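Fold and contact review
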Amino acid sequence: MRSLLLFVVFATAASAQVDEGILPMDDPVQRFLQRQQTAGTLDGVLLTTFPLSGYEAQAMLDSLAVRVDSGSVRLGRTDQALLDRYRGLTPAPGAEWGRNLGIGLYDDGETLVSADGDGYAVRGQPLLYATPGVTRRTAGEGRDPESMTYRYSRGVRVAGHAGPVFFDTQLMEVQETPERIDWVNFTTPRQGFTKLVDDRTTYDYWDATGIIGFRSSFFEVRAGRGRANWGFGEGSLERSDYSAPQDHVEFRSRFWKVRYTNRFERRIRPFERSSNVGLYPRSYTALHQLAFDLPYGLEAEIFEMTVFADDTLGGQRRGFELSYLNPFVFYRAIEADLGTLDNALLGAGLAWNAAPGYRTYSQLLLDELKFDRLSDDWWANKWGFLVGAHIVDPGWGEARLRGLSLRGEYTRQRPYLYSHRSESSAYVHYADPLGHPAGPNSSDLSLWAEYVPTPRLSFGAHGSYTVRGRNTETENFGSDATLSYNTRVSDFGVTTLQGIRQRETIGELWGGYELMPELIVGLGARYHAFDDAETGLDRSATGYLQLRWGLPFRTSRF
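A brief look at the structure comes next. None of these values were measured; they are calculated from a predicted model.

Proximity of charged atoms lets side chains of opposite charge pair with each other. A full pass over the atoms with the stated rule returns 42 salt bridges. A salt bridge links Asp79 to Arg35; the shortest N-O distance between them is 3.6 Å. Highlighted residues: Asp79 in helix α4 (residues 77-86) and Arg35 in helix α2 (residues 28-39), separated in sequence by 44 residues. Taken as a pair, Asp79 and Arg35 share a single burial class, namely buried. Note that Glu504 and Arg468 form a salt bridge whose closest N and O atoms lie 2.9 Å from each other. Of this pair, Glu504 sits in strand β25 (residues 500-516) while Arg468 sits in strand β24 (residues 457-470), and the two are 36 residues apart along the sequence. What makes Glu504 buried here is its relative accessible area of 6%. On the accessibility criterion, Arg468 (13% relative accessible area) is buried. Within the structure, one salt-bridge network assembled from shared partners comprises Glu56, Arg215, Glu220, Arg222, Arg239, Glu250, Arg252, Arg259, Arg263 and Glu265.

Taken as a whole and assessed by the stated rule, the structure comprises 21 aromatic pairs. Centre to centre, the rings of Tyr284 and Phe320 are 5.7 Å apart; their planes meet at 80°, and the pair counts as edge-to-face. Placement of the pair is Tyr284 in strand β13 (residues 282-293) and Phe320 in the loop between β14 (298-309) and α6 (331-338), with a sequence separation of 36 residues. Exposure remark for Tyr284: the relative accessible area of 12% places this residue in the buried category. According to the relative accessible area criterion, Phe320 is partly exposed, its value standing at 22%. Seen from their ring centres, Trp379 and Tyr485 are 4.8 Å apart, and the 55° between their planes marks the pair as tilted. Taken together, the positions of Trp379 in the loop between β16 (358-368) and β17 (382-392) and Tyr485 in the loop between β24 and β25 put the pair 106 residues apart, joining distant regions of the chain. You can call Tyr485 buried: its relative accessible area is 5%. In this structure an aromatic cluster arises from ring pairing among Phe251, Phe264, Tyr284, Phe308, Phe320, Tyr324 and Tyr331. The ring of Tyr129 has Arg151 sitting right over it, with the charged end atom 4.4 Å from the ring centre. The ring of Trp379 carries Arg488 above its face, with NZ or CZ at 3.8 Å from the centroid.

We now examine the packing of α2 against helix α3 (residues 54-70). At a minimum axis distance of 11 Å, the contact between α2 and α3 shows a crossing angle of 40°. With respect to α3, the element α2 is oriented oblique. Where α2 crosses over α3, the handedness of that crossing is left-handed. Across the interface between the two elements, Val29, Phe32, Leu33 and Gln36 from α2 touch Ala57, Met60, Leu61 and Leu64 from α3. The residue makeup of the contact of α2 with α3, split by class, is 7 nonpolar, 1 polar and no charged.

Each value, and the rule that gives it
Residues numbered from 1 in each chain as written. Predicted model: local features only at pLDDT ≥ 70, side-chain atom pairs only at ≥ 80, totals over all residues. Heavy atoms only, no water. Salt bridge = Lys/Arg side-chain N within 4 Å of Asp/Glu carboxyl O. Helix = DSSP H or I, 4+ residues; strand = E, 2+ residues; numbered from the N terminus. Buried < 20%, exposed > 50% of the residue type's maximum accessible area, 1.4 Å probe, protein only. Phe/Tyr/Trp six-rings, centres within 6.5 Å; stacked < 30°, edge-to-face > 60°. Lys NZ or Arg CZ within 6 Å of the ring centre and 35° of its normal. Axes fitted to C-alpha atoms, helices over the stretch in contact; angles between N-to-C directions. Parallel < 35°, antiparallel > 145°, perpendicular 65-115°, else oblique. Left-handed = near helix turned anticlockwise from the far one by under 90°. Contact = heavy atoms within 4.5 Å. Nonpolar A, V, L, I, M, F, W, Y, C, P; charged D, E, K, R; others polar.

Okay, here's the thing in structure tokens:
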């Protein structure tokens, strides 16, 4: 009955759709759906590939509403108010002020400007992310122990649909003065091409994404540029949203108790620019994931990725390998049949709703592995695993703390994971891993808390503790996936966290109040520390104001 209900809802997308285009990563609607999944009020939805389209999100919200109306599930006061808002039944807080001006603002109750007609809709929203703050840091040569830091993003987002075709475009100009500069070859972590300005203290870059797609009853196709996150957890070994946006084509299908997703990407390898440089070198990735809704609250996924480029065949190949476009084939077999030296990775994940409000999950990634050499720390035993738990409205029966979500994850990644014979076939994009942001040769513990006591008020916290074995200038201990594994320090005796021991600690707190639709004011604080066995302790603490319009809060790690 549950699967039939989902099929009916997915086959008939809501006509009064508030969420258009593609939901931003970590959008409040996405977080709401994830909470409901763990709470047991929205089971069987297979939330394993993000971002969601507006069609997908609306169908899940409508499915939840059907269950509420039937009496099979019951929501708390805040969640019920959020459900009505996200479905477009009630306006967002403050929308009436715009409507009363009589100039067409917030007509849909959510976005600043909108237009609806027979079979089409368009939404326009200004974007702003301003976080002025003060940072105190460890004193060092040429460093001021106290300085102003900020991120200032401004732009616009336009999204909509015409019949079954939907689109989403976003453009932002960003200047950011971080606590510490990490800039090489005109790029910085999480971003693409980035300039370093103002006496090399400030990042300056564009953040531009755009998607066009087609939606039918059973499948959805998208093409454009954007981020992605695949898996059951906040972090992912499979495909995380840590790196810069990628050009891609993606096919998503859902039928019965199965979700199948294919994604084909183009990746960039940056290098030092000069006046006569041409295009950056390009590489490609083909990914597919098959997810299952199983009995007894279980969900499972199996996935595979292959990474390749022209020079992985010594220049014999040009562009994308057409054989990998087959959606119903095992990539590793194709790689062998073609005689290529491509980089194939595969893995699986499992999630279990043990009880309403309590969900556990795990993920295993295999890059290379030989079972007969598991005990000798052979270098090519390249694997990683993640285990996590998500708790929503903790407590039992009526004695629950409504609106509180807790999550914890532990991840361990072997040396040389994601790396290959060359950077062109490594699982990276703009020097960032496409998997878990802790990177290879690491052990990571991350915790999150989110509290939404009222529809307008929210609080959050994030903490992570990461231990790495970093490389030296001359020795590759396996912490940098852009380096060829042929430069490894040894073949045997390769242990996780080998190299120069480095400990990174991140702590974040934030809170916000929604003045008007998607206009959030709040405060935040961040602590960041590196403790390196050779260079010593480097730490900083930042307090900042926060003003966001049309953009969700994002932590510094995820």
